[in-house]
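# Geometric and topological summary
Listed below are the residues making up each chain.
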Amino acid sequence: MSADAATHDDHTPSLWDWRRWVLSTNHKDIGTMYLVFAIFAGIIGGGLSGLIRWELMEPGLQVFTGEDTGWGAIFGNAHNYNVVTTMHALIMIFFMVMPAMIGGFGNWFVPLMIGAPDMAFPRMNNISFWLLPASFALALMSMFVPGAGADLGFGGGWVLYPPLSTSGHNGPAMDLLILSLHIAGVSSILGAINFITTIFNMRAPGMTIHKMPLFVWSVLVTVFLLLLSLPVLAGALTMLLTDRNFGTAFFAPEGGGDPVMYQHLFWFFGHPEVYILILPGFGIVSHVVSTFSRKPIFGYLGMAYAMVAIGFIGFIVWAHHMYTVGMPVDLKAYFVAATMVIAVPTGIKIFSWIATMWGGSIEFRTPMMWAIGFIFLFTVGGVTGVVLANAGVDQSLHDTYYVVAHFHYVLSLGAVFAIFAGWYYWFEKIFGVKYNSFLARAQFFFFFIGANVIFFPQHFLGLNGMPRRYVDYPDAFEFWNAVSSWGYVIMLVGMVLFFAVLIDAMIRRRKADANPWGEGATTLEWTLSSPPPFHQFSELPKIK
Amino acid sequence: MAGHAAKHDYHLVDPSPWPFVGSVGAFLLAIGAVGNMAGLVGPDHPIAFMYGEGSWGGLALGFLIVIWTMIGWWGDMIKESKRGDHTAVVDIGMRYGMILFIASEVMFFVAWFWAFFEYAIFHDVRIDPALATWPPAGVETFDPWHLPLMNTLILLLSGTTVTWAHHALQHDDRKGAIIGLIFTVVLGLAFTSLQVIEYSHAEFAFSMADGGNLYGSTFFMATGFHGAHVVIGTIFLAVCLFRLLAGQMSAKKHFGLEAAAWYWHFVDVVWLFLFAFVYVVYQG
């Protein structure tokens, strides 16, 4: 094998060698590509949300006036506003949060934390990544081809409910979006197979399943959810595709079909999906809180099995997204009860994080600030989740801005804060250079204030009955909408600071330490140099 | 064992073009499919033969690149297996991988069974009286004890012949293994042929354009996806047969055949569920 040995050399190939990236079979390089991709998609997804806040800044039409600006879907009519909300959601979910957490941090740190030299299937790992740009390109294309009549793009919401996604959008935009999600699904399923195999088969000697770092546990649960829920979405999407193009009647009442059937299939995937978005964040926050409290995480096993419980229950609560479709009261009662049960393992996690900090020697380093921000904001989102779990209350709050506020508290302020906690926790490990923590903390404060100013008023708007997915609103909602839009501007400053941190770090190139965090950082990645060698653990570490 | 200095048995794979090529193929396949179904360009556009409505050019291009990727990728895996990269621990990893892939396939079929059961069980809530019965008025379902029973027996028999081939190979009986696999592939082809014949005798339509309704949708999509899996499984087994003939499998090392056999049993079990519920219990 000496002929191939050169490619396995510990010598790191040049950053500017395209083959290093395009042909990669290295989990760290692939992880980096995922992170770059997530940043790129985040700019587009975040830009779209800027259009939403711009439009909603005042009553009446600001951006989506229907005048032909030559920008197609970006500045079109009210339909294009719906396209923008739809694409904002899909991009943030499938092309920003998932690639960052599972693809980026998962790829980087699952092998490092379990003491493995790489993923189980390094080549398949790379197709999981490269399918994403293909999928993203299809999704972006869909915005610029006919969707409904002459209107461009699909504007039916990220849930793709029929009949809007079947007879309601007869153009190719919806077909592109369906195939985009098919390809993203293939990417995630292959990634899930890879992670499960890696975690089960490649733990270093002595690393029993009950000694695995919590981030590895969180990814393990997450990818099981992906493996089991995404194929059901693939089935539902295929039914949409055949209903649209081949005359099947799955969701067409005139042939005996039922649009509500789609909602069941979709949410059987969709509910596990929202846990897919947050669970890796739980793992990241556990590490950060433990590191900067200089204590092992409180209740390690309880934390691990709480995630398992959340993952399991996540499969049996899906219809709480559908309380208003006219299901029987008994069925609603079941879904209310099952949904509320999720608050128990989630509470275990929140209280265990607090208990970890309790009596610890806490250092407010940059990642810790993001992690504490996460715990606070995720708890707010979790509490409004318990409110929405009540079918009776949800009857009036369904599809209002209260729901929008709720899921942005758990995702935009929960998952995204966890991503930034992980970003600043592992930045030096990944890039091998230090960052300016003053700028990074400034970003935190702009994000924390900005995100709360955006989303907290949306609770009031929702309680007052403002519906989501609508381009205009009555004058009564003007004040809180304006506040919300100004919050976006604050958050935008934070985003600029994020890039300032990145550029500053890349220009100054201050060599990072192997372990910048001291004795609180106990997992295996801190035993390696920053950045780690191209192939680590040529001799497997032994875990006591 | 790969890597010159590594003191472990994991397989650090060489850089490979196939993931990127395969992704380009998937992208082209997708836009080719959309072009064919909905038309990405008008009929007079210079590339209408690729991406116009009803065109096959874009689809064919994407399909060829995907097939090329499969041949190249799995060809590389065979080379790596030959040079000893697939150690015991790598072999276990591939077993995990195949089991998990089949688990995801099971969940794919859950979607189709879910649709079928909802319509079969809760038919009485349909508003149109013609659709409020099961099967819907005018639908004449297949007699399960005719071709479907025959197909059940064929698949069950093929399950035994693939086990025969596997056991023969484990006992270094290459001839037995080859004969067992030939039987399995032939039985797979027989199943597909009978399914085609059965489809041609259907007394209900697939498309609403031909007067069809949800019965045809659920029946043809569920059995059709199963049929597609039978075809894939047959190709998988045929590849194993050729690899066996080429001397690439031994009594000790033949995971390809085992994976094909697992896949085949999975396809078999899906059929048993289809036969039990779609053909027998809910025949109407």
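From a predicted model like this one, the values you see are computed outputs, not experimental measurements.

## A look at the overall build of chain A
Along its length, chain A carries 16 helices and two strands. Taking 544 residues into account, the globule formula puts the C-alpha radius of gyration at 24 Å, and chain A, at 23 Å, falls close to it. Dimensions along the principal axes, computed over C-alpha positions, put chain A at roughly 65 × 55 × 50 Å. Counting the 544 residues in chain A, one finds 66% classified as buried. Put simply, of all contacts in chain A between residues at least 6 apart along the chain, 80% involve residues at least 24 apart. Taking the 24 positively charged and 29 negatively charged side chains of chain A as two groups, their mean positions are separated by 16 Å.

## Side note on the overall build of chain B
Helices and strands together make up the secondary structure of chain B, namely eight helices and zero strands. Put simply, chain B runs from its N terminus to its C terminus through helices and strands in the order α-α-α-α-α-α-α-α. Taking the principal axes of the C-alpha coordinates as reference, chain B spans close to 75 × 55 × 30 Å. Split by element, the accessible area of chain B, about 12800 Å² in all, is 72% carbon and sulfur. Side-chain charges of chain B comprise 11 positive and 21 negative groups, with the mean position of each set lying 21 Å from the other.

## Re the nonpolar core
Residue and element names in this part refer to chain A. Judged by nonpolar contacts, the single largest core of 278 residues is most densely connected at Phe105, Trp353, Phe374 and Trp426. In terms of residue count, the dominant contributor to this core is helix 4 (residues 78-114) (24 residues). Residues within four places of Phe374 in sequence aside, it is in contact with Ile278, Phe282, Val285, Trp353, Thr379, Leu413, Gly414, Ala415, Phe417 and Ala418.

## Comments concerning the environment of Thr133 of chain B
All names here are of chain B. Here Thr133 shows up in the loop between helix 4 (88-121) and helix 5 (147-170). Thr133 gets classed as partly exposed once you look at its relative accessible area, which sits at 36%. Between the C-alpha atoms of Thr133 and Arg243, which are 110 residues apart in sequence, the distance is 51 Å. There is a polar contact of 3.1 Å between the side chain of Thr133 and the backbone oxygen of Pro135.

## Regarding a nonpolar patch on the surface
Together, Phe63, Ile67, Met70, Ile71 and Trp74 of chain B make up a nonpolar patch on the protein surface, roughly 510 Å² of accessible area in all. Owing to a relative accessible area of 36%, Met70 of chain B belongs among the partly exposed residues under this scheme.

## Looking at the interface of chain A and chain B
Accessible area lost during the coming together of the parts is what is often quoted as the interface size. At the interface, 72 residues of chain A touch 65 residues of chain B. Summed over both sides, the interface between chain A and chain B buries roughly 5900 Å², with carbon and sulfur atoms accounting for 74% of that surface. In this assembly, chain A and chain B are joined by two salt bridges. Ionic pairing is found between Arg123 of chain A and Glu80 of chain B, a salt bridge with its closest N-O pair at 2.9 Å.

## Examining the confidence of the model for chain A
Mean pLDDT over chain A: 95, with 97% of residues reaching 70 or higher. Segment residues 1-9 of chain A: pLDDT under 50, and 20 contacts once partners within four positions in sequence are set aside and those in other chains are kept.

## What about the packing of helix 4 of chain A against helix 6 (residues 172-201) of chain A?
Residue and element names in this part refer to chain A. Orientation of helix 4 relative to helix 6, taken along the N-to-C sense of each, is 15°, at an axis distance of 11 Å. Relative to helix 6, the element helix 4 lies roughly parallel. For the pair helix 4 and helix 6, the sense of crossing is left-handed. Together, Met87, Leu90, Phe94, Phe95, Met98, Ile102, Gly106, Asn107, Val110 and Ile114 of helix 4 and Leu177, Ser180, Leu181, Ala184, Ser188, Phe195, Thr198 and Ile199 of helix 6 make up the contact between the two elements. Split into classes, the residues belonging to the contact of helix 4 with helix 6 amount to 13 nonpolar, five polar and no charged.

## With respect to the confidence of the model for chain B
Across chain B, the average pLDDT comes to 95, with 98% of residues at or above 70. Of the two predicted TM-score estimates for the complex, the pTM is 0.96 and the ipTM is 0.96.

## With respect to the packing of aromatic side chains
All names here are of chain B. Summed over all chains, the structure comprises 101 aromatic pairs over all chains. Where Trp18 meets Trp68, the ring centres are 5.4 Å apart and the plane angle is 90°; that geometry is what we call edge-to-face. On the criterion of sequence distance, the pair formed by Trp18 in helix 1 (residues 18-38) and Trp68 in helix 3 (residues 57-82) is long-range, its members being 50 residues apart. With relative accessibility at 12%, the residue Trp18 sits in the buried group.

Calculation criteria
- Residues numbered from 1 in each chain as written.
- Chains lettered and ligands numbered in written order.
- Predicted model: local features only at pLDDT ≥ 70, side-chain atom pairs only at ≥ 80, totals over all residues.
- Heavy atoms only, no water.
- Helix = DSSP H or I, 4+ residues; strand = E, 2+ residues; numbered from the N terminus.
- Rg over C-alpha atoms; globule rule 2.2 N^0.38 Å.
- Buried < 20%, exposed > 50% of the residue type's maximum accessible area, 1.4 Å probe, protein only.
- Contact = heavy atoms within 4.5 Å.
- Lys, Arg positive; Asp, Glu negative; His and termini not counted.
- Charge placed at Lys NZ, Arg CZ, Asp CG, Glu CD.
- Areas by Shrake-Rupley, 256 points an atom, 1.4 Å probe, with all protein chains shown as cover.
- Core = buried A, V, L, I, M, F, W, Y, C linked by side-chain atoms within 4.5 Å.
- Polar contact = N/O pair within 3.5 Å; in protein donor to acceptor, adjacent residues only side chain to side chain.
- Patch = residues over 30% accessible without salt bridge, like charges linked within 9 Å, V, L, I, M, F, W, Y side chains within 5 Å.
- Salt bridge = Lys/Arg side-chain N within 4 Å of Asp/Glu carboxyl O.
- Buried area = accessible area lost by both parts, 1.4 Å probe.
- pLDDT = per-residue confidence, 0-100.
- Axes fitted to C-alpha atoms, helices over the stretch in contact; angles between N-to-C directions.
- Parallel < 35°, antiparallel > 145°, perpendicular 65-115°, else oblique.
- Left-handed = near helix turned anticlockwise from the far one by under 90°.
- Nonpolar A, V, L, I, M, F, W, Y, C, P; charged D, E, K, R; others polar.
- Phe/Tyr/Trp six-rings, centres within 6.5 Å; stacked < 30°, edge-to-face > 60°.

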